[in-house]
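Next come the chains, spelled out residue by residue.
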Amino acid sequence: MKQEVLKNWDLPMVSVAALLIFVICFAAYTYWTFKATNKKVYEEASNIPLGDANLASPSNKGNVV
Amino acid sequence: MSSPHVNVPSSNRRLETFTYDDHIVKLFVIATIVWGAVAILLGVTIAFQLAEWRVNMGIPWTTFGRLRPLHTNAAIFAFCGNAIFAGIYYSHQRLLKARLFNDMLSKIHFWGWQGIIVLAAITLPMGFTTGKEYAELEWPIDILITLIWVIFAVNFFGTIIRRRERHIYVAIWFYIATIITVAVLHIVNSFEIPVTLTKSYSLYSGVQDALVQWWYGHNAVAFFLTTPFLGLMYYFIPKAANRPVYSYRLSIIHFWSLVFIYIWAGPHHLLYTTLPEWAQTLGMVFSVMLWMPSWGGMINGLLTLRGVWDKVRTEPGLRFMATALTFYGMSTFEGPLLSIKSVNSIAHFTDWIPGHVHAGTIGWNYMLIAGVLFYLVPKLWNAEIYSKKLANTQFWLATIGILFYIVSMWIAGISQSLMWRAMDDAGRLMYPNFIETVIKIVPMYWLRAIGGTFVLISFFIMIYNMIKTARSGKKGEEVVYEAYALDDTSLEPNAPTHRKLEGWPVIFSILSFLAIFVGSAIEIIPSVISDKYITKIDAIKPYTPLELYGRDVYVREGCYTCHSQTVRPLSHEVLRYGKPSHASEFVYDHPFQWGSKRTGPDLARVGKKYPHMWHYKHFWDPREVTAGSIMPRYTWLFDGKIDYKTLPKKLQVMQKLGVPYTDEEVQNSVANAKAQAQGIADELALSGVPAKIVEMDVVALISYMQRLGSDYATVPDDTPELATPAVDEETPVEAAVEEAQ
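Residues numbered from 1 in each chain as written. Chains lettered and ligands numbered in written order. Predicted model: local features only at pLDDT ≥ 70, side-chain atom pairs only at ≥ 80, totals over all residues. Heavy atoms only, no water.

Trainee: Explain a nonpolar patch on the surface to me, please; I cannot follow it from the model alone.
Mentor: Residue and element names in this part refer to chain B. A cluster of nonpolar side chains, Trp504, Val506, Ile507, Ile510, Leu511, Phe513, Leu514, Phe517 and Ile525, forms an exposed patch at the surface whose accessible area comes to about 790 Å². Here Leu514 is to be found in helix α17 (residues 505-529). On the basis of relative accessibility, which here comes to 41%, the residue Leu514 falls in the partly exposed class. (Patch = residues over 30% accessible without salt bridge, like charges linked within 9 Å, V, L, I, M, F, W, Y side chains within 5 Å. Areas by Shrake-Rupley, 256 points an atom, 1.4 Å probe, with all protein chains shown as cover. Salt bridge = Lys/Arg side-chain N within 4 Å of Asp/Glu carboxyl O. Helix = DSSP H or I, 4+ residues; strand = E, 2+ residues; numbered from the N terminus. Buried < 20%, exposed > 50% of the residue type's maximum accessible area, 1.4 Å probe, protein only.)

Next comes the structure, spelled out in structure tokens:
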């Protein structure tokens with residue numbers, strides 16, 4: 001049964017469907033990501049690697065949690 | 001410069017102190033440098049072997065066919081692998097403000113990975129190989145790789161669980177995609193049935209094996225040499241430039257598009273083969289689409305440097321990183337171009353492809369690794385870079401070396417391809433003798449080897465610079481950091497969806513898996529499960545026991561690194577080799593041996609083309625029958641004895657894989673093999689070859705060579721099971737077939 005189904009699987013249809021799903025998802029998340037109201041939040045996120053953890057104060061030194 | 005929640009009033013939050021595990025990062029840095037030198041030294045060695053065959057040294061384990069897999073594995077998994085782990089472990093801790101999950105797991109990860117590399121360095125030169133490119137390691141090592149990768153994953157995701165930063169930064173997305181996808185690729189491609197501790201046969205055969213292998217092979221490039229390095233880029237370039245990434249929003253588009261599209265592109269390695277046409281087209285289309293996210297990432301990286309270009313001139317780390325991005329842009333433009341079928345018909349199997357690959361591995365990976373090391377080593381060893389002048393020398397030597405490499409391979413590839421396809425007015429090949437096209441490009445092989453030597457020297461300069469830098473470092477106390485524990489104050493209920501997603505690593509990982517699963521499933525599952533693409537023809541029989549043994553010798557010696565076994569339906573190939581290949585020819589090939597490069601001619605139709613004595617002489621010294629050949633001598637095939645006792649087990653494993661050997665054939669395999677060997681030895685004896693040759697490996701290999709294509713030659717063209725192979729409409733294949741016959 002499984003073999004029969006796969007033999008007759010219209011593969012171009014499946015791949016075209018996958019492509020369409022990708023294009024729709026791409027358009028949607030591009031829209032949501034580039035919405036003007038979201039700009040500030042993402043600008044803050046881009047600073048994560050620059051925001052290193054602070055050095056512990058001398059009194060905390062060695063007191064690892 | 002800090003994440004939003006850090007500014008929440010601290011009275012309600014718990015301040016924690018912690019340290020980072022930088023010792024493990026140091027170990028991976030040292031391993032990167034050591035294995036990098038080994039990988040490049042191996043590359044230069046095999047480059048000289050192609051320019052001058054005597055550099056093979058006449059020893060089995062120093063021959064091109066065995067060293068080339070060692071070079072690729074060393075470059076990808078030893079050099080780049082250790083660099084990835086160093087960079088990930090350094091950045092992961094800092095981006096999450098947490099020490100690695102478990103120090104013991106980190107150590108097991110490090111020493112386990114080095115153990116795998118050492119095992120590869122021992123087994124590959126000994127000829128223990130699966131014969132599948134970039135996945136040559138045999139099954140016990142495959143299992144070890146899986147275990148160590150799982151330990152890495154546990155350590156990685158465990159650190160995420162213990163994080164003090166709510167949002168996982170873009171670099172970590174790329175690390176997640178890497179860990180998930182490499183695991184899937186490695187496991188699916190490594191399904192094999194063991195024969196002995198050092199020998200196994202692939203679960204897949206022929207076309208199916210080719211599809212799975214190049215799904216793996218291409219995505220090893222994608223998810224081992226690209227996504228983790230993009231993650232490193234997103235961390236180390238902002239850190240080195242002290243500027244945030246140019247566009248975080250672009251990085252979101254970049255990430256999701258790249259991981260979704262990349263996984264589909266594998267079939268572009270199999271254009272014009274017997275792979276189903278729809279899979280080839282998918283591979284080509286998605287490869288072209290890949291250009292978009294690749295350049296999105298490159299642009300994002302380069303524009304991060306806006307305003308600090310003066311630092312690129314003065315800071316070695318930034319200079320290497322900027323150059324790496326430039327090469328990344330170049331190779332990700334070239335890749336889609338090469339995937340277009342008409343371009344691929346010219347470039348495939350030529351030296352253009354290694355040129356393209358090295359634009360990536362040297363230009364992108366080596367340069368980015370150098371940039372990361374110039375950032376990491378001074379930080380880890382608490383020192384200043386020993387000599388920026390030496391770094392400058394290294395940079396220019398490496399850049400000139402890469403350019404030598406790429407340009408020489410462009411010239412070699414295009415020259416050879418044009419010679420392969422050149423026809424006169426009567427439609428005959430202008431260079432019917434393959435060796436003519438080899439001799440023509442040998443000067444380019446010398447140039448390539450010189451370019452590689454430049455790169456090697458540049459690497460040794462870096463090693464010296466790094467050692468001097470580390471030695472000048474001052475020992476300090478372990479640094480203790482403090483950060484607030486992760487709590488509800490960092491939740492952002494009104495944040496955009498993706499921002500929320502960045503705080504949900506489990507859902508993020510599942511979505512990443514789905515992104516790579518869709519393309520994999522659609523391309524692979526139907527092809528592997530369905531028998532639609534593996535039409536069996538009665539005339540195509542399984543290999544005899546001796547031929548099967550000879551095939552194993554072929555795989556052991558890495559013949560596939562220089563010879564293909566598939567005739568594309570292009571007129572010049574049909575004229576040169578014979579009928580285009582058909583999927584039914586490969587149904588008993590575990591693994592497939594189509595190859596990816598034609599340093600020597602295709603062998604799909606070599607069966608019965610020459611007498612046994614021709615092959616005998618050819619393996620003893622190729623120049624005895626082909627003047628100007630650059631193939632090494634295989635004199636040990638004349639001393640190594642056929643291990644007949646392994647044959648029943650080999651046939652039994654093949655039975656399990658679906659090859660229709662009868663139990664009687666298994667029982668009589670030794671006697672049948674000895675009888676066939678005797679027949680070959682008797683014919684060789686007529687030319688004065690001693691009778692003892694009957695016991696030697698060379699006889700088995702000759703039997704295999706004589707079998708190649710000989711079954712298919714007996715199949716009439718009007719056999720109903722033969723579907724017409726994919727044909728370029730402008731290519732007069734039928735006329736060429738008639739001509740060839």
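Trainee: Help me out: how do you make sense of the pattern of salt bridges in this one?
Mentor: Side chains bearing opposite charge may pair, as long as their charged atoms lie close to each other. Residues and elements named next belong to chain B. A complete count under the given rule lists 30 salt bridges over all chains for this structure. With a closest N to O distance of 2.8 Å, Glu557 and Arg66 form a salt bridge. In this pair, Glu557 is assigned in the loop between α18 (545-556) and α19 (571-576) and Arg66 in helix α2 (residues 64-96), connecting sequence segments 491 residues apart. For Arg66, a relative accessible area of 5% corresponds to the buried category. Residue Glu133 pairs with Arg68 through a salt bridge whose shortest N-O separation is 3.0 Å. One end of the pair, Glu133, is in the loop between α3 (103-123) and α4 (139-161); the other, Arg68, is in helix α2, and 65 residues separate them in sequence. The class of Glu133 is buried, set by a relative accessible area of 4%. Look at Arg68 and you get buried, because its relative accessible area is 14%.

Trainee: Can you walk me through the sheet that holds strand β1 (residues 15-18) of chain B in this structure?
Mentor: By definition, the strands of a sheet pair up through backbone hydrogen bonds, in either a parallel or an antiparallel sense. What the three strands build is an open sheet, ordered β1(A)-β4(B)-β1(B); its pairing is antiparallel. Only two strands of the sheet have a single neighbouring strand rather than two, namely β1 (54-55) of chain A together with β1 of chain B. Note: β1 of chain B against strand β4 (residues 481-484) of chain B, four bridges, orientation antiparallel. Bridge pairing in β4 of chain B places Thr17 of chain B opposite Glu482 of chain B. (Pairing = 2+ DSSP bridges.)

Trainee: What exactly am I supposed to notice about the nonpolar core here?
Mentor: Across soluble globular proteins, nonpolar side chains show a tendency to be buried alongside one another. Residue and element names in this part refer to chain B. Judged by nonpolar contacts, the single largest core of 189 residues is most densely connected at Val29 and Trp113. Among the elements that take part in this core, α2 stands out by supplying 19 residues, more than any other. Counting contributing residues per domain, this core is built from domain 1 (22-474 + 496-523) and domain 2 (545-740), each supplying no fewer than three. Not counting chain neighbours up to four residues away, the residues in contact with Val29 comprise Ala86, Leu373, Leu376, Val377, Leu380 and Trp381. If you look at the next biggest cluster of nonpolar residues, it comprises 53 residues, including Leu603, Met631, Trp636 and Phe638. (Core = buried A, V, L, I, M, F, W, Y, C linked by side-chain atoms within 4.5 Å. Domains from an automatic or database assignment. Contact = heavy atoms within 4.5 Å.)

Trainee: Even after reading the chapter, I still don't get the environment of Gly297 of chain B, so can you show me in this structure?
Mentor: All names here are of chain B. Tracing the chain through its elements places Gly297 in helix α9 (residues 277-303). The class of Gly297 is buried, set by a relative accessible area of 0%. Excluding anything up to four places from it in sequence, Gly297 contacts Met233, Tyr234 and His254.

Everything listed here is a matter of geometry and, on its own, says nothing about what the molecule does.
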